[in-house]
Amino acid sequence: DRSLIATLEGHTATVLSVDLDGRVYASGSYDKTARLWGRDGAIAHTLPHPDWVKAVHLCDDQLVTGCRDVRVRTFNVATGQKTRELSGHGHYVCAVSLRGALLVSGAYNGEVKVWALTGDATAECVATLEHLGGWVRGVAVTGGGVASMSVGGSGRVVVWRPERSGGGTPHEADPEAWRGGGSK
């Protein structure tokens, strides 16, 4: 049985990205905001950004955004408070994904960054990966030893895994396994 759950109205320009986690909905827009919505369709938080919000991703109690101002931000879903602002991309951020303490972001210039969330308000870039084939349109962090995927305009999907130091299989969401780079 299909039924319309909600129509979310409030953005004043084109919506560029969406995500949901069963508890809340998230959206990012040309109107320079990310929005968190309750299941009833009411706006829970409007999160101003300095430029277009190209990517949103919900994970547990965090919202991650990628912005045209070349920064990645994290927010507390319950309060709407910004918890991190990450710099380091050379072009606007158009894809983000989070799993545990591992955040991956992709940019228009083909750069993929792997970040370790090191505390409540801190993070460190532990690897920069060159995506093959133009701007990064999507990233994912997944299990089974594969830790990062990116897609672009070349018709390819690029998959990385962390370096294996000392043998064994690195935990896929362990940022320390990525320190110093990655391998395809």
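**Q** Explain a nonpolar patch on the surface here, please?
**A** A contiguous nonpolar surface patch, about 200 Å² in accessible area, is contributed by Val-151, Val-157 and Val-159. Tracing the backbone shows Val-157 in strand S15 (residues 157-162).

**Q** Teacher, can you tell me more about the confidence of the model for the chain here?
**A** Should pLDDT be low for a region, the predicted coordinates there are not to be read in detail. On average, the chain scores 84 in pLDDT, and the residues at 70 or more come to 79%. Low pLDDT (under 50) marks residues 165-173, which in the prediction has 17 contacts with non-local residues, meaning those over four places away or in another chain.

**Q** Would you explain the sheet that holds strand S9 (residues 93-99) in this entry?
**A** Strand pairing in a sheet takes place through backbone hydrogen bonds and is either antiparallel or parallel in direction. Taken together, four strands build an open sheet; the order of strands is S9-S10-S11-S12 and the sheet is antiparallel. Strands with a single pairing partner mark the edges of an open sheet, and in this sheet they are S9 and strand S12 (123-130). On average, each strand axis in the sheet is inclined to that of its neighbour by 20°, with strand direction left out of account. In terms of strand pairing, strand S10 (residues 102-107) meets strand S11 (residues 111-117) through five bridges, oriented antiparallel. Directly across from Leu-103, in S11, lies its bridge partner Trp-115.

**Q** I keep staring at the pairing of strand S6 (residues 62-67) and nothing clicks. Help me out?
**A** In regular strands, side chains alternate between the two faces of the sheet. Extensive coverage of S6 is indicated by the burial of six of its six residues. Covered by surrounding structure in S6 are Gln-62, Val-64 and Gly-66 together with Leu-63, Thr-65 and Cys-67, the residues of both alternating faces. Note that strand S5 (residues 53-59) and S6 share six bridges and pair antiparallel. Of the residues in S6, the one forming a bridge with Val-56 is Thr-65. Linkage of S5 to S6, two consecutive antiparallel strands, is achieved through a turn of two residues, within which Asp-60 is found at a positive phi near 55°. Both S6 and strand S7 (residues 72-76) contribute to a ladder of five bridges, which runs antiparallel.

**Q** When you look at the packing of aromatic side chains in this model, what are you seeing that I'm missing?
**A** Aromatic ring pairs are described here by two measures, namely the spacing of the ring centres and the angle between the planes. This structure, assessed with the given rule, holds three aromatic pairs. Their ring planes at 25° and their centres at 4.9 Å tell us that Tyr-92 and Tyr-108 sit as a pair that is stacked. Taken as a pair, Tyr-92 in the loop between strand S8 (82-86) and S9 and Tyr-108 in the loop between S10 and S11 lie far apart in primary sequence, 16 residues in all. The class of Tyr-92 is buried, set by a relative accessible area of 14%. Look at Tyr-108 and Trp-135: their rings are 5.5 Å apart centre to centre, the planes differ by 40°, and that puts the pair in the tilted class. In this pair, Tyr-108 sits in the loop between S10 and S11 while Trp-135 sits in the loop between S12 and strand S13 (136-140), placing the two residues 27 residues apart along the sequence.

Quick notes on the rules
- Residues numbered from 1 in each chain as written.
- Predicted model: local features only at pLDDT ≥ 70, side-chain atom pairs only at ≥ 80, totals over all residues.
- Heavy atoms only, no water.
- Patch = residues over 30% accessible without salt bridge, like charges linked within 9 Å, V, L, I, M, F, W, Y side chains within 5 Å.
- Areas by Shrake-Rupley, 256 points an atom, 1.4 Å probe, with all protein chains shown as cover.
- Salt bridge = Lys/Arg side-chain N within 4 Å of Asp/Glu carboxyl O.
- Helix = DSSP H or I, 4+ residues; strand = E, 2+ residues; numbered from the N terminus.
- pLDDT = per-residue confidence, 0-100.
- Contact = heavy atoms within 4.5 Å.
- Pairing = 2+ DSSP bridges.
- Axes fitted to C-alpha atoms, helices over the stretch in contact; angles between N-to-C directions.
- Buried < 20%, exposed > 50% of the residue type's maximum accessible area, 1.4 Å probe, protein only.
- Phe/Tyr/Trp six-rings, centres within 6.5 Å; stacked < 30°, edge-to-face > 60°.

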